[in-house]
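Read off the chains here:
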Amino acid sequence: MAERLYKCGYRHCLKPEEKIPLSECVAVGKKRYHKECAALHKQIEIIKRIYFDYIDNKADYVQVVGVINNLIFNQKYDADYVQFVMKYSAVYCHNIKSPYLLYTIIKNGIVEKKYSNDKLRRDVIDRFEYRCRQNPRG
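Let me begin by describing the structure that accompanies this report. Predicted, not measured: the structure shown is a model, and the values here were computed from it. (Residues numbered from 1 in each chain as written. Predicted model: local features only at pLDDT ≥ 70, side-chain atom pairs only at ≥ 80, totals over all residues. Heavy atoms only, no water.)

## As for the layout of surface pockets
Stage number 1. Its volume calculated, the largest pocket comes out at about 180 Å³.
Stage number 2. Contributing to the lining of the largest pocket are G9, Y10, R11, H12, K31, Y33, H41, I44, E45, K48, V65 and N69.
Stage number 3. Those elements giving two or more residues to the lining of the largest pocket turn out to be β4 (31-33), α1 (35-55) and α2 (61-74).
Stage number 4. For the lining of the largest pocket, the element with the highest residue contribution is α1, accounting for four residues.
Stage number 5. Partitioned by chemical class, the residues of the lining of the largest pocket number four nonpolar, four polar and four charged. (1 Å grid on protein atoms, 1.4 Å probe; cavity = no way out; pocket = protein on both sides within 12 Å on 5 of 7 lines; lining within 4 Å. Points joined across faces, edges and corners; volume = space filled by probe spheres on them. Helix = DSSP H or I, 4+ residues; strand = E, 2+ residues; numbered from the N terminus. Nonpolar A, V, L, I, M, F, W, Y, C, P; charged D, E, K, R; others polar.)

Dropping the structure here:
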């Protein structure tokens, strides 16, 4: 008997025409995802959590999600880079009152330089983790 095939439940599926066999899919709740789609979905959830917990917890959820999705899916920024920008913003940018400011921060040459240099990238991540330990949830 053939193995049952599922359609990926991720709205922004990376392989929309490809069906997933039960043995290869990842179940999240009642939905089934490709492994890559599930990993991307989880990373975007982490990015949203960083924004709301450490940058601005009063921002409109729909606007923040729209900006994040636009950066990753429309402007084709890597999710790792967007996550780094969120950590950088949480550490260095204290006056972000609008999620649309992320468009400017993500194109900033200083942020790109820190992301491309392993030592500087590690410094930002260490500072973010230190801030998380000192002040959990903002």
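Moving on from the model shown.
## Quick word on the packing of aromatic side chains
Stage number 1. Tallied over the entire structure, the rule returns ten aromatic pairs.
Stage number 2. Between Y81 and Y115 the ring centres are 4.9 Å apart and the planes differ by 70°, which places this aromatic pair in the edge-to-face class. With a gap of 34 residues between them, Y81 in helix α3 (residues 79-92) and Y115 in helix α5 (residues 109-116) connect regions that are remote in the sequence.
Stage number 3. Judged by relative accessible area, Y81 falls into the buried class, the value being 6%.
Stage number 4. For the ring pair Y100 and Y103, a centre distance of 6.4 Å and an interplane angle of 20° mean the geometry is stacked.
Stage number 5. On the basis of relative accessibility, which here comes to 42%, the residue Y100 falls in the partly exposed class.
Stage number 6. Through successive ring pairs, a cluster of aromatic residues spans Y77, Y81, F84 and Y115.
Stage number 7. R32 extends its terminal NZ or CZ atom over the ring of Y6, reaching a point 4.6 Å from the ring centre.
Stage number 8. Looking at R121, its charged tip hangs above the ring of Y115, at a distance of 4.4 Å from the centre. (Phe/Tyr/Trp six-rings, centres within 6.5 Å; stacked < 30°, edge-to-face > 60°. Buried < 20%, exposed > 50% of the residue type's maximum accessible area, 1.4 Å probe, protein only. Lys NZ or Arg CZ within 6 Å of the ring centre and 35° of its normal.)

## Things to note about the pattern of salt bridges
When the charged atoms of two side chains lie near each other, side chains of opposite charge can form a pair.
Stage number 1. On inspection of all chains with the given rule, the structure shows seven salt bridges.
Stage number 2. Across the pair E36 and K15 runs a salt bridge whose closest N-O atoms are separated by 3.2 Å. With E36 in helix α1 and K15 in the loop between β1 (5-6) and β2 (20-21), this residue pair connects regions lying 21 residues apart in the sequence.
Stage number 3. It is possible to trace a salt-bridge network through shared partners that takes in R122, D126 and E129. (Salt bridge = Lys/Arg side-chain N within 4 Å of Asp/Glu carboxyl O.)

## Remarks on the nonpolar core
Stage number 1. Ranked by size, the top nonpolar core spans 42 residues in total, and within it Y10, Y51, I72 and M86 carry the most contacts.
Stage number 2. It is α1 that contributes the most residues to this core, ten residues altogether. (Core = buried A, V, L, I, M, F, W, Y, C linked by side-chain atoms within 4.5 Å.)

## Some remarks on the side chain of S89
Stage number 1. Here S89 is to be found in helix α3.
Stage number 2. A distance of 2.8 Å separates the side chain of S89 from the backbone oxygen of V85, its partner in a polar contact.
Stage number 3. Apart from residues no more than four positions distant in its own chain, S89 is found in contact with I55, I96, L102 and I105. (Polar contact = N/O pair within 3.5 Å; in protein donor to acceptor, adjacent residues only side chain to side chain. Contact = heavy atoms within 4.5 Å.)

## Regarding the environment of F52
Stage number 1. On the secondary structure map, F52 appears in helix α1.
Stage number 2. Since its relative accessible area comes to 17%, F52 is described here as buried.
Stage number 3. Between the alpha carbons of F52 and V64 there is a distance of 8.9 Å; along the sequence they are twelve residues apart.

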